[in-house]
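# An overview of the molecular structure
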Amino acid sequence: MDDTARLEVDGKSYDLPIIEGSEGERGVDIQNLRSETGLIALDPGYKNTGSCKSAITFIDGDQGILRYRGYPIEELAEKSTFLEVAYLLIHGELPTREVMDRWNHGIMRHTLLHEDLKRLFRAFPKDAHPMAVCAAVVSALSTFYPEDLNPADDAQVASSIERLIAKFPTITAYSLKHALGQPFIYPDNRLSYIENFLRLSFGNPCEAFEVDPVVVRAMDILLILHADHEQNCSTSTVRLVGSSKANIFACISAGISALWGPLHGGANQQVIEMLEEIAAEGLNARQFVDRAKDRDDTSRLMGFGHRVYRNYDPRANIIKKASADVLEKMGVNSKLLEIAVDLERIALEDDYFVTRRLYPNVDFYSGIIFDAIGIPVEAFTALFAMGRLPGWIAQWSELQGDGQAIGRPRQIYTGATVRPYVPMDKR
Ligand code: ACO
């Protein structure tokens, strides 16, 4: 196959190198396009732009494949744990038992928040959105660890990574406790990562807290499935901010803000709200699907469609099965799950969705599990962020190691051409 692409402009031709990845993906390298031709590449929404080379996550959207560091998501969801996957993403290999024990210990001994940082939660209104609280508190972590902010210092980065992964569940749980007006309880580092989060979120200082292993396993699967997804909106945000050499806490905080949007991680909240609306209005699935297709109606079938997957999102497959299992084991009879299954069935037979290749994405069923576990709807996206954290960190670390230049896209200017200033009394 050719290893260059030829571009003809104004009668001159230019050869552009073709780059090939380890899975045969090919791209035209346009790094020298502007210096050689004076042209830039225009691609709003980056639908067709590779922003980096990366060895972390592979997605084949047409075939519905997702792999972290070469391992299929289905195997990781079945056999691994979230903290092991976090290690894999960040360090590139599965850990040995000894390395895993050290990794686990390093994280679990950093779960506590500085007492002064806890006071920050009190400054937020009771109904503050958990994503706003998480973004603010993660950014504030940088003010407590000023000695660990140099992205070029491996030891500083390693301790910031442990702190981020360790403290994020505590931060999320405290945002829930603050909304309820309940006391913040201290982490118990004898528990596992997820058990600890559940106790911090649902326990109280007056009673013993029983952790349900079914819930722990379901959450483990959900976090694994969310752990990375290559150059999506929030990850690209983390990389872009990271390219300015901002500290890791600032970069992750930016990623949390990007994830909050309803077209990205915020969709899991929107899915449950959509299902609740359908139940409350007594609509049937067909009526809602018709609404979602109607151009004059702003409703979309939330949790359907994906920029990359044009086939079933493999994560949705796993979550669909897990949600049915969890609900059965917990003895929950979920009206929302019934509606979701109905919506999926009707949409997948409908020409509109078939021709546009719109399938359920990761968010379509995840909210049903979060709901059954007792996570408030507003906190769903914070749980997504907890899962995505290792991916953001891995991508941030890869960027630092690559020595990539600061991210700075170009534009095609379409505004007014030069004109003289008009004094106010002459306008
Ligand atoms: N319901 C109804 N119609 C849809 C939907 C949907 N969920 N998704 C896409 N379409 C339609 C669009 O209206 C468009 O139709 P047209 O060609 O007649 O104009 C066509 O399908 C293509 O859609 P785009 O929005 O152009 O696709 P894009 O790749 O830009 O967007 C996105 C992908 C944002 C995920 C979109 O499918 C969407 O809004 N889905 C609902 C929100 C959602 O679930 N987001 C979570 C994504 S997964 C994640 O971030 C973790």
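Within any chain, residue numbers begin from 1 and follow the written order of that chain's sequence. Only residues with pLDDT of at least 70 are given local features in this predicted model, and only at 80 or more are side-chain atom pairs given and counted; all residues enter the totals for whole chains, interfaces and linings. Side-chain measures here rest on the full set of heavy atoms in the structure, leaving out hydrogens and waters.

## Observations concerning the side chain of asparagine 247
By the criteria applied, helices consist of DSSP H or I runs no shorter than four residues and strands consist of E runs no shorter than two, each listed in order from the N terminus. In this structure, asparagine 247 sits in the loop between helix 10 (233-242) and helix 11 (248-260). Note on classification: 1.4 Å probe, protein chains only; a residue is buried when its accessible area is under 20% of the maximum for its type, exposed when over 50%, partly exposed between these limits. Under the relative-accessibility criterion, asparagine 247 is labelled buried at 15%. Separated by 2.9 Å, the side chain of asparagine 247 and the backbone nitrogen of phenylalanine 249 make a polar contact. In protein, a polar contact means a hydrogen-donor-capable atom and an acceptor-capable atom, both N or O and within 3.5 Å, with residues adjacent in sequence counting only if both atoms are side-chain atoms; elsewhere, any N or O pair within 3.5 Å suffices.

## Things to note about the pattern of salt bridges
Salt bridge criterion: a side-chain nitrogen from Lys or Arg within 4 Å of a carboxyl oxygen from Asp or Glu. Scanning all chains against the criterion turns up 23 salt bridges. Across the pair lysine 79 and glutamate 75 runs a salt bridge whose closest N-O atoms are separated by 3.7 Å. Of the two residues, lysine 79 and glutamate 75 are both situated in helix 2 (residues 73-79); the distance of four residues between them amounts to about one turn of the helix. Residue arginine 286 pairs with aspartate 350 through a salt bridge whose shortest N-O separation is 3.2 Å. With arginine 286 in helix 13 (residues 285-293) and aspartate 350 in the loop between helix 15 (335-349) and helix 16 (351-355), this pair connects stretches of sequence that are 64 residues apart. Counted as one network, the salt bridges with shared partners bring together Arg286, Asp290, Lys293 and Asp350.

## Some remarks on the site of the ligand
Around the ligand, the structure places 22 residues, and the nearest of them are Arg295, Arg300, Leu301, Gly303 and Tyr352. Within the side chain of histidine 264, one N or O atom sits 3.0 Å away from an oxygen atom of the ligand. The side chain of arginine 310 places a nitrogen or oxygen atom 3.4 Å from an oxygen atom of the ligand. Surface burial for the ligand is 79%, taken as the share of its 920 Å² of free accessible area covered by protein chains. Nonpolar residues are Ala, Val, Leu, Ile, Met, Phe, Trp, Tyr, Cys and Pro. Charged residues are Asp, Glu, Lys and Arg, and all others, Gly as well, are polar. Of the residues that constitute the shell around the ligand, the class distribution is ten nonpolar, five polar and seven charged. We call a residue near a molecule or strand when any one of its heavy atoms sits within 4 Å of it. Computed by Shrake-Rupley with a 1.4 Å probe, the accessible areas treat only the displayed protein chains as cover when residues are assessed.

## Thoughts on the sheet that holds strand 6 (residues 71-72)
Spatially, 4-5-6 is the arrangement adopted by the three strands of the open sheet, whose pairing is antiparallel. The strands lining the two open edges of the sheet, one partner per strand, are strand 4 (57-60) and strand 6. Paired strands, in this sense, are two strands between which DSSP finds at least two bridges. By the bridge criterion, four bridges tie strand 4 to strand 5 (residues 65-68) in an arrangement that is antiparallel. Pairing of threonine 57 across the sheet is with tyrosine 68, part of strand 5.

## A few points about the environment of alanine 152
Of note, alanine 152 is situated in the loop between helix 6 (130-144) and helix 7 (154-180). With a relative accessible area of 67%, alanine 152 lands in the exposed category.

## Quick word on unusual backbone geometry
You will see that aspartate 10, though not glycine, has its phi angle at about 45°, which is positive. Looking at the secondary structure, you find aspartate 10 in the loop between strand 1 (4-9) and strand 2 (12-20). On the basis of relative accessibility, which here comes to 79%, the residue aspartate 10 falls in the exposed class.

## Some remarks on helix 3 (residues 82-91)
Most of helix 3 is tucked away, with eight of its ten residues classed as buried. Restricting attention to buried positions, one finds in helix 3 the residues Phe82, Leu83, Val85, Ala86, Tyr87, Leu88, Leu89 and Ile90. One or two positions beyond helix 3, positive phi appears at glycine 92, with a value near 95°.

## Re the sheet that holds strand 3 (residues 26-28)
Pairing is antiparallel across the open sheet formed by three strands, whose spatial order is 1-2-3. What marks the edges here is a single partner per strand, and that holds for strand 1 and strand 3. Across the sheet, the axes of successive neighbouring strands diverge by a mean angle of 30°, strand direction being ignored. Note: strand 2 against strand 3, three bridges, orientation antiparallel. Orientation is described by lines fitted to C-alpha atoms, with helices fitted over the stretch in contact, and by angles between N-to-C directions that extend from 0 to 180 degrees.

## Notes on the nonpolar core
Core analysis: the biggest nonpolar cluster contains 119 residues, and Trp103, Ile165, Ile252, Met274, Leu275 and Leu343 have the highest contact counts within it. Sort the elements by how many residues they give to this core and helix 18 (residues 380-402) lands first, with eleven residues. Residue contacts are counted whenever heavy atoms from the two residues lie within 4.5 Å of one another. Residues in contact with isoleucine 165, not counting those within four places in the same chain, are Leu83, Ile90, Trp103, Ile107, Tyr193, Leu389 and Ile393. Take the buried residues of types Ala, Val, Leu, Ile, Met, Phe, Trp, Tyr and Cys, join any two whose side-chain atoms come within 4.5 Å, and each joined set is a nonpolar core.

Bear in mind that shape data such as this cannot, by itself, settle questions of function.
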